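Here are the chains, one letter per residue:
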Amino acid sequence: MALTVRKPEGEFQLAPQGTHVGRCYMVVDMGLQDTPFGAKHKIRVGWELSEEPMEDGRPFVVSKEYTASLHPDSTLAQDLISWRGRAFTDEELAGFDVFKVLGAYCMLTVIHQISKTGKQYANVKSVTSVPKGVPKPEAKNEVLSFSLESPDEEMFNKLPEWLQKKVNRALTQKAQADEPPPFDDSRIPF
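Parameters and conventions
Residues numbered from 1 in each chain as written. Predicted model: local features only at pLDDT ≥ 70, side-chain atom pairs only at ≥ 80, totals over all residues. Heavy atoms only, no water. Salt bridge = Lys/Arg side-chain N within 4 Å of Asp/Glu carboxyl O. 1 Å grid on protein atoms, 1.4 Å probe; cavity = no way out; pocket = protein on both sides within 12 Å on 5 of 7 lines; lining within 4 Å. Points joined across faces, edges and corners; volume = space filled by probe spheres on them. Helix = DSSP H or I, 4+ residues; strand = E, 2+ residues; numbered from the N terminus. Nonpolar A, V, L, I, M, F, W, Y, C, P; charged D, E, K, R; others polar. Pairing = 2+ DSSP bridges. Buried < 20%, exposed > 50% of the residue type's maximum accessible area, 1.4 Å probe, protein only. Contact = heavy atoms within 4.5 Å. Polar contact = N/O pair within 3.5 Å; in protein donor to acceptor, adjacent residues only side chain to side chain.

Caption draft 1: Representation of the pattern of salt bridges. As enumerated under the stated definition, the model contains 10 salt bridges in all. Note that Glu92 and Arg86 form a salt bridge whose closest N and O atoms lie 3.2 Å from each other. In the salt-bridge network here, residues are joined through shared partners; they are Arg44, Glu65 and Lys166.

Caption draft 2: Examining the layout of surface pockets more closely. Approximately 1800 Å³ is the volume found for the largest pocket. As for the largest pocket, its lining consists of 48 residues, of which Arg44, Ser63, Tyr121, Ala122 and Trp162 are closest to the centre. When contributions to the lining of the largest pocket are tallied by element, the ones reaching two or more residues are strand E1 (18–35), strand E2 (38–53), strand E3 (59–67), helix H1 (75–84), strand E5 (120–128) and helix H4 (161–178). It is E3 that provides the largest number of residues to the lining of the largest pocket, a total of 9 residues. Looking at the lining of the largest pocket residue by residue, the classes come out as 21 nonpolar, 12 polar and 15 charged. Lining the second largest pocket we find 20 residues, and of these Asp29, His41, Ile43, Ala68 and Glu149 sit closest to its centre. In terms of residues, the lining of the second largest pocket owes the most to one element, E1, which gives 4 residues. Looking at the lining of the second largest pocket residue by residue, the classes come out as 11 nonpolar, 5 polar and 4 charged.

Caption draft 3: How the structure looks around the pairing of E3. Examined bridge by bridge, E2 and E3 share 9 bridges and lie antiparallel to one another. Opposite Pro53, over in E3, you have Pro59 as the bridge partner. Connecting E2 to the next strand, E3, in antiparallel fashion are 5 residues, including Gly57 with a positive phi near 95°.

Caption draft 4: Representation of the environment of Thr109. Here Thr109 is to be found in strand E4 (residues 105–114). Taking the relative accessible area as the measure of exposure, Thr109 reaches 24% and is therefore partly exposed. The spatial distance from the C-alpha of Thr109 to the C-alpha of His20 is 6.4 Å, given a sequence separation of 89 residues. Filtering out sequence-adjacent residues up to four positions away, Thr109 remains in contact with Gly18, Thr19, Asn123, Val124, Lys125 and Ser126. Within polar-contact distance, the side chain of Thr109 engages the side chain of Thr19 at 3.4 Å.

Following this line, the structure appears as structure tokens:
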């Protein structure tokens, strides 16, 4: 008797470790998400790595979830500063449109890590500007942007299913928060 195991068909390929030229192809407003520190407004930024394609020819993609904050200690602020190669002006700190990074190139350092559930994943460890003279690969993926302020159903349907679920939770919570509480007539004295 034998127990033969195989690699599943369509198994997700991890992006290779190392430093890569990346192009931002996705910015998604995920709304309020539960975290160990309470509900936080989250965004997800995704990049394509075109110089080393997957077995099927598509570019590897990696993404990183951020708290939507430009506080100097926030990961988003630190990554944007190193990506842009300069600090934020006071005007930018008053309101920076993250969708401006769509289509922008950067250098990404990707490492493999093990999640709490034991699953290996590719983690974006750092985001920096592309040094002068480094060629930028041709764009492959369609640019995806999704905002909760003006949700676009067509764009939403192009997001990966796992990301749609996260955004849907935020949309459901927002809709519930926008509903007025039911009228309670039990406190009326007559």
